[in-house]
Amino acid sequence: MHAATQGLTATDRAFAVAIVSETLRWMVDLDALIDGATAQILPDDVKSRAVLRIALAQLLVLKSPGHAVVSTALPLVDGGPRRLVHAILSRAQQEEWQLPDRATLPLPTAERWAEQWGLPMVEAAEAAWSAPPPIDLSFAAEPGTEEWPDAVSLAPRHRRLPRGQAVETMPGYREGGWWVQDLAASLPARLLGAGEGRTVLDLCAAPGGKTMQLAAAGWNVVAVDSSAKRLERLRANMERTGLSADIVQGDIRSWAPEDQADAVLLDAPCSATGIFRRHPDVLHRIEPRQIAEMAELQTELLSRAARWVKPGGTLIYATCSLEQAEGEDQVSTFLDRHAGWSIDPARADELPEAVVADDKGLIRTLPAMLADAGGLDGFFVARLRAPSG
Ligand SMILES: C[S@@+](CC[C@H](N)C(=O)[O-])C[C@H]1O[C@@H](n2cnc3c(N)ncnc32)[C@H](O)[C@@H]1O
């Protein structure tokens with residue numbers, strides 16, 4: 001739980017999170033409305049702009065009653081531009097301000113993605129992040145057809161539910177037969193198939209979505225992550241689901257396993273621009289410099305991970321990023337520098353229907369995929385085959 005919401009009831013916390021998320025999702029459009037109503041453009045970091053953003057998000061997105069919004073916003077600018085804030089909020093209500101159909105992406109992101117993927121991708125991304133995504137569940141074993149009658153299944157051991165439900169109150173949470181995991185995030189482990197007792201190194205494993213999938217698929221999993229705090233969440237997840245893995249705290253830039261493994265899954269740290277629907281803050285804070293730094297780290301981690309794969313074994317590389325520098329470019333650099341390695345193309349029968357591997361067999365999920373069925377996160381996944389020795 002974030003410190004800022006500590007001490008709040010569950011309902012208040014959910015409301016606070018909704019206000020912040022919707023403010024970040026619609027911030028470009030909220031700012032355009034604010035700027036259209038002030039004689040002078042308010043600086044980006046003044047309190048009055050922040051208060052107007054959250055108040056307008058409540059009015060225009062969350063449809064909170066006007067009097068409640070005004071009476072909670074004004075005390076936040078006590079001793080400041082109260083009249084200005086009051087006047088703008090009154091105008092918004094009198095003139096019935098509206099937001100556009102799609103939330104506009106921050107300009108640097110829109111430009112970067114247009115350059116990499118073309119304008120239609122930017123439009124699909126705007127449509128995708130205009131509302132919070134549905135809830136995807138991954139199951140340890142295929143649930144019966146009578147269970148989850150309102151859910152849609154887009155892949156084996158997957159069910160999609162409408163958003164807005166508290167996960168802890170959903171059926172079977174305590175029993176632990178499922179966990180929340182975006183469909184795209186489930187693809188890397190799907191590419192490893194059934195483990196049949198073989199060993200996989202799950203690198204950068206916490207909080208353990210892929211660890212649970214691999215353990216449930218019969219792999220003998222060694223889960224490694226550098227963060228003690230995130231490993232606690234992984235441990236709690238394994239406990240709830242009754243699945244097991246050897247859990248190791250280690251920085252894989254210096255840690256190394258004693259033996260090579262049949263398979264290695266590297267879910268590398270990245271810019272996380274692919275999970276922008278769930279975490280709209282990402283697109284406001286990620287800058288090209290951070291993407292370049294992440295890409296450099298990924299090159300290093302991928303090259304280390306490759307040493308730990310047995311001859312002829314499999315290496316999965318994944319990132320939840322929509323940046324080619326963290327996906328396609330990593331694979332090209334890797335193949336240039338590692339003789340004998342090849343891409344083991346993802347097959348259609350391993351993927352949900354709407355996800356098609358590219359002509360090299362690499363998986364790139366983009367915002368237009370499954371758009372009518374709730375979309376999916378932006379991920380890159382490559383299956384690489386080690387030379388047979
Ligand atoms: C994308 S998240 C992993 C998500 C996880 N695989 C799952 O499916 O739930 C990346 C993880 O990498 C870990 N990490 C970052 N740098 C690392 C390093 N040098 N060595 C080990 N783990 C690292 C972070 O602590 C974080 O938990």
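The rules we used
Residues numbered from 1 in each chain as written. Predicted model: local features only at pLDDT ≥ 70, side-chain atom pairs only at ≥ 80, totals over all residues. Helix = DSSP H or I, 4+ residues; strand = E, 2+ residues; numbered from the N terminus. Rg over C-alpha atoms; globule rule 2.2 N^0.38 Å. Buried ≥ 20, exposed ≤ 12 C-beta atoms within 10 Å, placed from the backbone. Contact = placed C-beta atoms within 7 Å. Domains from an automatic or database assignment. Pairing = 2+ DSSP bridges. Right-handed = clockwise from strand over helix to strand, strands pointing away. Arc of directions from axis to C-beta. Axes fitted to C-alpha atoms, helices over the stretch in contact; angles between N-to-C directions.

**Topic: the overall build of the protein**
Logical step 1: Looking only at helices and strands, the protein features 13 helices and eleven strands.
Logical step 2: Its C-alpha radius of gyration of 23 Å places the protein within 12% of the 21 Å reference for a compact globule of 389 residues.
Logical step 3: Taking all 389 residues of the protein together, the buried fraction comes to 38%.
Logical step 4: Contacts spanning at least 24 positions in sequence make up 68% of the contacts within the protein whose residues lie at least 6 apart.

**Focus: the domain arrangement of the protein**
Reports often express the size of an interface as the amount of accessible area lost when the parts come together.
Logical step 1: According to the domain assignment, the protein consists of domain 1 (3-94) and domain 2 (183-385).
Logical step 2: Between the C-alpha centres of domain 1 and domain 2 there is a distance of 38 Å.

**Some words on the pairing of strand S5 (residues 220-225)**
Logical step 1: Taken across its six residues, S5 has five buried, putting it largely inside the fold.
Logical step 2: Sheet topology places strand S4 (residues 199-203) next to S5; five bridges connect them, and they run parallel. Bridging from a neighbouring strand, Leu201 pairs with Val222 of S5.
Logical step 3: Assessed by its sense of winding, the connection that carries the chain from S4 through helix H9 (residues 209-216) to S5 is right-handed.
Logical step 4: Bridge count between S5 and strand S6 (residues 246-249): four bridges; the pairing is parallel. Its bridge partner lying in S6, Asp225 is registered against Gln249.
Logical step 5: Running through helix H10 (residues 228-241), the crossover from S5 to the neighbouring parallel element S6 is right-handed.

**Overview of the environment of Ser90**
Logical step 1: The residue Ser90 is located in helix H5 (residues 82-94) in this model.
Logical step 2: Linking Ser90 and Val70, residues 20 residues apart in sequence, is a C-alpha distance of 8.4 Å.

**A closer look at unusual backbone geometry**
Logical step 1: A cis amide bond links Ala206 with the next residue in sequence, Pro207, at an omega value of 10 degrees.
Logical step 2: Within the secondary structure layout, Pro207 lies in the loop between S4 and H9.

**Things to note about helix H2 (residues 27-37)**
Logical step 1: Every buried residue of H2 is listed here: Asp29, Leu30 and Leu33. Taken down its axis, H2 places every buried residue within 105 degrees of arc, on the same side.
Logical step 2: Buried residues in H2 make contact with helix H1 (10-25) and helix H3 (47-61).

**Quick word on the sheet that holds strand S1 (residues 135-139)**
Logical step 1: The three strands lie next to each other as S2-S1-S3, forming an open sheet whose pairing is antiparallel. Each of the sheet's edge strands pairs with one partner strand only, and the pair in question is strand S2 (158-161) and strand S3 (178-180). Averaged over neighbouring strand pairs, the angle between their axes works out to 30 degrees when direction is ignored.
Logical step 2: Note that S1 and S2 share four bridges and pair antiparallel. Residue Ser138 lies in a different strand from S2, and its bridge partner there is His158.

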